[in-house]
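# Overview (structure and organization)
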Amino acid sequence: MSANTAPAAPSVHRRALITWLAVYPTITVALGLLGSVLGGLPLPLETLVLTAIVVPTAVYGLVPVLMKADARQRLFR
């Protein structure tokens, strides 16, 4: 592989795993921190607040970091 060639994108299964690795801990932490605050809200509103925090955190923060780590790991195989 030349220096200008980007590694191939990971398979859809690997991307799903990377996404899950970002989303699951984020939901767990958010529920742990906000569970008592959100617990009194109706379920649709609780879900709205939780996803408003989890989705941007995962999509803009964690998934790119995990994708870069995966690309480095695949590059050195």
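It should be noted that the structure appears before, not after, this text.
This write-up is about the structure you can find in this document. (Residues numbered from 1 in each chain as written. Predicted model: local features only at pLDDT ≥ 70, side-chain atom pairs only at ≥ 80, totals over all residues. Heavy atoms only, no water.)

## Considerations on the overall build of the chain
When helices and strands are counted, the chain shows two helices and zero strands. Rg of the C-alpha trace for the chain: 17 Å, well past the compact-globule value of 11 Å for 77 residues, more than 25% over. With the principal axes as the frame, the chain shows a C-alpha extent of 55 × 20 × 20 Å. Counting only residues that meet the buried cut, the chain has 16% of its 77 residues in that class. (Helix = DSSP H or I, 4+ residues; strand = E, 2+ residues; numbered from the N terminus. Rg over C-alpha atoms; globule rule 2.2 N^0.38 Å. Buried < 20%, exposed > 50% of the residue type's maximum accessible area, 1.4 Å probe, protein only.)

## Brief notes about a nonpolar patch on the surface
Taken together, the side chains of Leu 17, Trp 20, Leu 21 and Tyr 24 present a nonpolar region at the surface, about 440 Å² in accessible area. With respect to the element layout, Leu 21 can be found in helix H1 (residues 12-38). (Patch = residues over 30% accessible without salt bridge, like charges linked within 9 Å, V, L, I, M, F, W, Y side chains within 5 Å. Areas by Shrake-Rupley, 256 points an atom, 1.4 Å probe, with all protein chains shown as cover. Salt bridge = Lys/Arg side-chain N within 4 Å of Asp/Glu carboxyl O.)

## Observations concerning helix H2 (residues 43-75)
Ala 58 marks where H2 bends most, by close to 45 degrees. Of all the positions in H2, only Glu 46, Leu 50, Val 54, Ala 58, Val 63 and Asp 70 are classed as buried. Those residues of H2 that are buried are in contact with H1. (Bend = angle between axes of the 7 residues up to and from the residue. Contact = heavy atoms within 4.5 Å.)

## Comments concerning H1
Taking 1.5 Å per residue, 27 residues should reach 39 Å; H1 reaches only 34 Å between its end C-alpha atoms and comes up short. Of all the bends found along H1, the most pronounced is centred on Gly 32 and spans about 45 degrees. Buried within H1 we find Ile 18, Ala 22, Thr 26, Ala 30 and Leu 38. As for H1, its buried residues are in contact with H2. (Expected span 1.5 Å × (residues − 1).)

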